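If you want the building blocks of each chain, they are given just below.
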Amino acid sequence: MSKSDDNMPVTFPEKWTKILEKLPEFKDTADSSSTEDLKKIVVECEGNIYTIEKEKAADVKLNSAKEFVKEYSAPYREAITTQTAKIKYALFLLEGKGIDIDNRE
């Protein structure tokens, strides 16, 4: 499947460009790579991501910190959820009284 020239991206997103600026050798290599070499890069990077995610999941200190944050942020999450439920119910009642709650243009 090929794209017409009208559908091809013109620029690479700045968010990712800033990261690649730290890796000029990679960009040079990728710029001069064949289609097959680019596919190999994708597979290699996906394998690296898989390994990193597995290591992250097994990181005891990280998981402990997540549990700590989860425990201590629970009252805030619950309070926000309660307020959101109140808002949704009030909007539901307003809509039931014939009030148009959608002001999108």
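To be clear, the structure that these remarks concern was listed above.
Residues numbered from 1 in each chain as written. Predicted model: local features only at pLDDT ≥ 70, side-chain atom pairs only at ≥ 80, totals over all residues. Heavy atoms only, no water.

(A) Expanded view of a nonpolar patch on the surface. Nonpolar side chains collect at one region of the surface, where I87, L91, L94, I99 and I101 lie side by side and expose about 400 Å² of accessible area between them. Counting through the fold element by element, I87 comes out in helix α4 (residues 60–96). (Patch = residues over 30% accessible without salt bridge, like charges linked within 9 Å, V, L, I, M, F, W, Y side chains within 5 Å. Areas by Shrake-Rupley, 256 points an atom, 1.4 Å probe, with all protein chains shown as cover. Salt bridge = Lys/Arg side-chain N within 4 Å of Asp/Glu carboxyl O. Helix = DSSP H or I, 4+ residues; strand = E, 2+ residues; numbered from the N terminus.)

(B) Spatial organisation of the pattern of salt bridges. Throughout the structure, instances matching the rule amount to 4 salt bridges. Of the charged contacts in the structure, one is a salt bridge between K27 and D31, with a shortest N-O distance of 3.2 Å. One end of the pair, K27, and the other, D31, are both in helix α2 (residues 24–31), 4 residues apart, so they sit about a helical turn from each other. Given a relative accessible area of 39%, K27 falls into the partly exposed group. In this structure, K39 and E36 form a salt bridge, with 3.8 Å as the shortest nitrogen-oxygen distance. Of this pair, K39 and E36 both sit in helix α3 (residues 35–58), 3 residues apart, which is roughly one turn of the helix. With relative accessibility at 47%, the residue E36 sits in the partly exposed group. (Buried < 20%, exposed > 50% of the residue type's maximum accessible area, 1.4 Å probe, protein only.)

(C) Highlighting the layout of surface pockets. Taken as a whole, the largest pocket spans an internal volume of roughly 220 Å³. Counting only elements with at least two residues in the lining of the largest pocket, the list comes to α2 and α3. Counting residues per element, the lining of the largest pocket draws most heavily on α3, which supplies 6 residues. (1 Å grid on protein atoms, 1.4 Å probe; cavity = no way out; pocket = protein on both sides within 12 Å on 5 of 7 lines; lining within 4 Å. Points joined across faces, edges and corners; volume = space filled by probe spheres on them.)

(D) Examining the environment of K56 more closely. Structurally, the position occupied by K56 is in helix α3. For the pair formed by K56 and L23, sequence separation is 33 residues and the distance between their alpha carbons is 23 Å. Residues within four places of K56 in sequence aside, it is in contact with L62, N63 and K66. (Contact = heavy atoms within 4.5 Å.)

(E) View of the packing of α3 against α4. Closest axis-to-axis distance for the α3/α4 pair is 5 Å, and the angle between their directions is 60°. Considering the angle they form, α3 stands oblique to α4. Where α3 approaches α4, its residues K56, A57 and A58 are matched on the opposing element by V60, L62, N63 and K66. Tallied by class, the residues present in the contact of α3 with α4 amount to 4 nonpolar, 1 polar and 2 charged. (Axes fitted to C-alpha atoms, helices over the stretch in contact; angles between N-to-C directions. Parallel < 35°, antiparallel > 145°, perpendicular 65-115°, else oblique. Nonpolar A, V, L, I, M, F, W, Y, C, P; charged D, E, K, R; others polar.)

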